[in-house]
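Survey of secondary and tertiary structure
Read off the chains here:
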Amino acid sequence: MQEQKMNHRVKSILRELCRQDGYVTLSAIAATLGVSAKTVLRDLSAVEEWLTERGWQLQKKTGTGVALAGDAMLRREVLQAMEGQQSVEVYSPQERQKRIISELLQRREPVKLYTLALDLKVTEGTVSHDLDKAEQWLKGQGVLLVRKPGFGVYVEGAEEKLRRAMVNFLYETVGADQLLEVIRSNLGKTERLPSGWAQSRLLNLIDQDVIGQLEETIRETEDAMGGRLADTAYVGLTVHLALAVQRIRQQEKISMAAELLAELKRYREYDIARRLADAIAARFAIAIPEDEIGYITMHLKGLKNRDGGAGIAQQSIGNFELVKVAKEIIRAAEGVSGQFLAQNEKLLVGLVNHLGPAVSRLRMNLEIRNPLLAEIKAFYPELIEVSRQCVEPVERQWNVVMPEAEIAYIAMHLGAALEDSRRRSRIVYRVAIACPTGMGTSRLLASKIEKEYDNIIIVDVISSLRLEEGWLKEKKIDFILATIPISDCSMPVVVVNPLLFAADKKRIADLLQRLNGQAQTETRVQASTVSLQEKLGTLGSYQSAILELLEHFFLLGMETATVDGIIDAAVRLCAKGESEQSQLALDLKEREAKGGTIIAGHGFILLHCRTSAVQELFFGAVALKEPLTGIHGRAAVSEEIRLAVIMLAPLQCHKNAMETISYLSQMLIERPAFLAELRRGDQAAARLEISRLLEKLYKGKSKMVLEA
């Protein structure tokens, strides 16, 4: 008798259970599958029924999770039993509504409810209810949903509104970070992303092959604009152009008022947009009308480069106007907050660089996106209110209305300045950050602490294996933040995750409350007495470290691997003799066994150590096509690990060299583009990105050291 088709999600849950060697929580399974824990709970009875019918058992433990009762051999048997069964996709109401919206936005002709019901495997009544929800969203985009009995459903609206709806749908459904990953992956030349979300969320709104082919053209445009684009700007431009190509292919034309087009032709951005359009037309064998070039021009005028400034060197808004309005905002902020900000040059420069492209976008009615809007409103409502009262000069000067997203951006600038002002007269805690190597995960933690706390000064990043009580007292350290437990230490130690989760912040807050202000007062920096010879020596140590990292960088690709397999590959590359290779393998495995090497939420594992097996710095990565297996503490991991980063330093290593290699680990989190290049497995592109990062570090150090 033919077996009944298996619910696709039931199959996915079973597959996840088979990958675990112990209990796993429902929330962890839900995060992996991209659904809610309630959905997993609802499907769990079907999972248990399927297992019971075949003589297997699902174990449940309150507060711990669920697990298959049996060993690795049993899990293999379960996987083999599943492979012979077909699966059927089941969608949640939200997933159905997203698929309906995507389908309607793509189609040029009506679609019948029967067709949608058949595709979504639900009744027509359910589709009708989903359409009610979809209609509300479409209305908010200025797009009309038309329902004609016997004829079908379709959307109507101006091409400009339809495209804006498509872009908003992509950002809301996929998210800016995942869009960046899609774009950086150059999908026109490599494999698609896993079907877990690429097919169900991108939903063919934009052709992924087009994205890959646009990369070279956009790079040429960046050169004409005088600098590399910020990641958000790069994503926005790529999505805009990919969508334009697809709509032109479908013979959908966008129109622009003749007077606006004539005005845009006066700007330098129009010439760049025209050259960009010519290149795209040649590459894709399409004709691009002037109105389309006008919209590309508008988009270019609102871009930012990586330094936060305008993407085009010559702005339509004069710098004098920007400085004048920025100073008015600062004076208004002083009046609202009661704090002195007029001498904060960093705030003035930040506001000027931000306002130029922002006002251009507002004047041209372009969308302003702020991925942190919800978080800023939830956690910093007082800053939002301060910003709201300070943006009046912008609205008055250029006759625009500042949206919430833009008010939140201004709040971020003002918030940093206000906190800096408060900190100048505040007692602060002097802290050392410790991990077994004194690099890697500790640098990630240092980066988080610097951003989260204005009353903590990180004195140094040290090795937890070589704590010196005398040094701690000499540096007047108040407490230690460590990535692993530390014994035999006379001062307070807080053990936290390198990514500083909510529970870690609670532990830090508890300690600060116990210390109750018993911290060292911040001392003023005295005039430098460092000689030129000493300064050049310091810069030389940074130069040597950078040269070692560039010389010893490696990037490997593997189909499948375990942690031990990756360590073996790294050992063969980095250590010379057999004894050095054995020592390096031992040191890496000992560090990995201590835990904290999986960088949760970012999908990679950081294998690092200080070792006698190498005499110079090494930095490399291994990109995997299949998820990593054999990870320490795998039962606690709710995401696929497809990248391993390896960092090595000698036992006796200059602190500036340690700072340099640790800077790269910090950039893995702060620069998603860096991580994306490593995942792609393109060694030349990754080396170029590392060179840029280290050059930026060296320039900053040069200025700081020489001006000290």
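Here the structure is a predicted model, which is why all the values come from computation and not from measurement.

Our next topic: the overall build of the chain. Counting its regular elements, the chain contains 30 helices and 15 strands. Split into buried and exposed, the 708 residues of the chain put 51% on the buried side. In the chain, of all internal contacts separated by at least 6 residues, the share reaching a separation of at least 24 is 73%. For the chain, the computed accessible surface area is about 34200 Å², with 50% contributed by carbon and sulfur atoms.

Further remarks concern unusual backbone geometry. The phi torsion at Gln251 lies on the positive side, around 65°, for a residue other than glycine. The phi angle at Lys476 is positive, at roughly 55°, despite the residue not being glycine.

Attention now goes to the environment of Gly335. By the element assignment, Gly335 lies in helix α16 (residues 319–337). Residue class for Gly335 comes out exposed when judged on its relative accessible area of 64%. Along the sequence, Gly335 and Val386 sit 51 residues apart, while their C-alpha atoms lie 9.7 Å from each other.

This paragraph deals with the side chain of Ser665. By the secondary structure assignment, Ser665 is in helix α28 (residues 655–670). The buried category is assigned to Ser665, whose relative accessible area is 0%. At 2.6 Å, the side chain of Ser665 and the backbone oxygen of Ser662 are in polar contact.

In this structure, Leu104, Leu105, Leu138, Leu214, Leu241, Ile280 and Ile288 are the most contacted members of the largest nonpolar core, which totals 68 residues. Take this core: its biggest share by element is 10 residues, from helix α12 (residues 231–249). Those residues within four positions of Leu241 in sequence are excluded, and the remaining contacts are Leu214, Ile218, Leu276, Ile280 and Ile296.

A word on the pattern of salt bridges. Evaluation of the coordinates by the stated rule reveals 27 salt bridges. The shortest N-O distance in the salt bridge between Glu103 and Arg107 comes to 2.7 Å. With relative accessibility at 28%, the residue Glu103 sits in the partly exposed group. For Arg107, a relative accessible area of 27% translates into the label partly exposed.

Thresholds applied
Residues numbered from 1 in each chain as written. Predicted model: local features only at pLDDT ≥ 70, side-chain atom pairs only at ≥ 80, totals over all residues. Heavy atoms only, no water. Helix = DSSP H or I, 4+ residues; strand = E, 2+ residues; numbered from the N terminus. Buried < 20%, exposed > 50% of the residue type's maximum accessible area, 1.4 Å probe, protein only. Contact = heavy atoms within 4.5 Å. Areas by Shrake-Rupley, 256 points an atom, 1.4 Å probe, with all protein chains shown as cover. Polar contact = N/O pair within 3.5 Å; in protein donor to acceptor, adjacent residues only side chain to side chain. Core = buried A, V, L, I, M, F, W, Y, C linked by side-chain atoms within 4.5 Å. Salt bridge = Lys/Arg side-chain N within 4 Å of Asp/Glu carboxyl O.

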